[in-house]
Amino acid sequence: MTLSQTLVSLSDEARRCRRCPGMRAGSSVLGQANGPVSAAVMFVAEAPGYLGAVRSGVPLRGDRSGDNFERYCGLAGIDRAAVFVTNAVLCHPPGPRGANRTPRKEEVAACSRFLRRQIVLVDPSLVVALGRVALDALGRIESHGLRFGVDTGRIEPWGDRHIVSLYHPSGQTMGRRSRAQQDADYGAVAAWLAQRCGPALEPQSM
């Protein structure tokens, strides 16, 4: 079975999952649209957004968070087509009137097995946690010691790869970390990748 076939199989399994009754059934967002399975970097956000991934089928695309993410990547020289983007939980956690809510700890724990398998499958050199939920989710897989909001932008060894904590690219983040600071954060990620991986920033075949 090829890597792409393994991703399709994992996607089908996640779509059938019904372990979390508070999640929107069948809303799992995982597949080849997430990015190449040979990506040098994996971005992990929080959950599929109602106006973004739930509609577009692509994590961090179609809403304000997605627009911000693509802006940061573009300015840093990170080609969106060359990275793998996923979430701590693969299904949409609906809040009041169907809007977004923060995933519950038990939902993050239930989806941890899917996140672990994605990391093993893609085997990225660098995993980027976008926000506190993502950083905590990655800590369930392997301890990292990074503190959200304190260790922002610091790239550290994490098992046989590296990890870095950034802020989630939502509009609310602007009040806690300026756009200029986030531009610098993504620039540091791009510089590290260029030094360690070179052409890995260029789009790769699926």
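Heads up: the structure comes first, above all this text.
Thresholds applied
- Residues numbered from 1 in each chain as written.
- Predicted model: local features only at pLDDT ≥ 70, side-chain atom pairs only at ≥ 80, totals over all residues.
- Heavy atoms only, no water.
- Helix = DSSP H or I, 4+ residues; strand = E, 2+ residues; numbered from the N terminus.
- Core = buried A, V, L, I, M, F, W, Y, C linked by side-chain atoms within 4.5 Å.
- Buried < 20%, exposed > 50% of the residue type's maximum accessible area, 1.4 Å probe, protein only.
- Contact = heavy atoms within 4.5 Å.
- Salt bridge = Lys/Arg side-chain N within 4 Å of Asp/Glu carboxyl O.
- 1 Å grid on protein atoms, 1.4 Å probe; cavity = no way out; pocket = protein on both sides within 12 Å on 5 of 7 lines; lining within 4 Å.
- Points joined across faces, edges and corners; volume = space filled by probe spheres on them.
- Nonpolar A, V, L, I, M, F, W, Y, C, P; charged D, E, K, R; others polar.
- Axes fitted to C-alpha atoms, helices over the stretch in contact; angles between N-to-C directions.
- Parallel < 35°, antiparallel > 145°, perpendicular 65-115°, else oblique.
- Left-handed = near helix turned anticlockwise from the far one by under 90°.

### Section: unusual backbone geometry
Step number 1: Despite not being glycine, Leu60 shows a phi value in the positive range, around 55°.
Step number 2: Here Leu60 lies in the loop between helix H2 (53-56) and helix H3 (64-76).
Step number 3: Unlike most non-glycine residues, Asp123 shows phi in positive territory, near 55°.

### Some remarks on the nonpolar core
When a protein is soluble and globular, its nonpolar side chains tend to lie buried together.
Step number 1: Counting 37 residues, the largest nonpolar core has Val44, Phe84, Leu115, Ile119 and Leu138 as its most contacted members.
Step number 2: Secondary-structure elements contributing two or more residues to this core are helix H1 (3-16), strand E1 (41-45), helix H4 (105-122), strand E3 (126-130) and helix H5 (132-141).
Step number 3: Ranked by residue count, the leading element in this core is H4, at eight residues.
Step number 4: In contact with Ile119, other than residues within four places in its own chain, are Met42, Pro124, Leu138, Ile141, Trp158 and Arg161.
Step number 5: Counting residues in each nonpolar core, the second largest holds 23 residues, with Phe43, Ala76, Val85 and Tyr186 among its members.

### Some points on the pattern of salt bridges
Step number 1: In the structure shown here, the tally under the stated rule is 13 salt bridges.
Step number 2: When the shortest N-O distance is used, the salt bridge between Asp151 and Arg147 registers 3.4 Å.
Step number 3: Where Arg161 meets Asp160, a salt bridge forms, and the shortest distance between an N and an O atom there is 3.5 Å.
Step number 4: Given the relative accessible area of 11%, Arg161 is considered buried.
Step number 5: Judged by relative accessible area, which is 68%, Asp160 ranks as exposed.
Step number 6: Bridged by salt links that share partners, the residues Arg147, Asp151, Arg154 and Glu156 form one connected network.

### Quick look at the layout of surface pockets
Step number 1: One number sums up the size of the largest pocket: a volume of about 690 Å³.
Step number 2: Looking at the largest pocket, it is lined by 30 residues, and the ones nearest its centre are Glu46, Ser65, His168, Ser170 and Gln172.
Step number 3: Taken together, the elements giving at least two residues each to the lining of the largest pocket come down to H3 and H5.
Step number 4: Considering only residue class, the lining of the largest pocket consists of ten nonpolar, 13 polar and seven charged.
Step number 5: Taken as a whole, the second largest pocket encloses approximately 200 Å³ of empty space.
Step number 6: For the second largest pocket, the lining is made up of 18 residues, of which Cys17, Arg19, Cys20, Met23 and Cys91 are closest to its centre.
Step number 7: Broken down by element, the lining of the second largest pocket gets its largest block of residues, five residues, from H4.
Step number 8: Classifying every residue of the lining of the second largest pocket by side-chain character gives eleven nonpolar, two polar and five charged.

### Topic: the packing of H4 against H5
Step number 1: Relative to each other, H4 and H5 sit at 65°, their axes nearing to 9 Å. Put simply, H4 runs roughly perpendicular to H5. The hand of the H4/H5 crossing is right-handed. Two secondary-structure elements touch here, H4 through Lys105, Val108, Ala109, Ser112, Leu115, Arg116 and Ile119 and H5 through Val133, Ala137, Leu138, Arg140 and Ile141.
Step number 2: Classifying every residue of the contact of H4 with H5 gives eight nonpolar, one polar and three charged.

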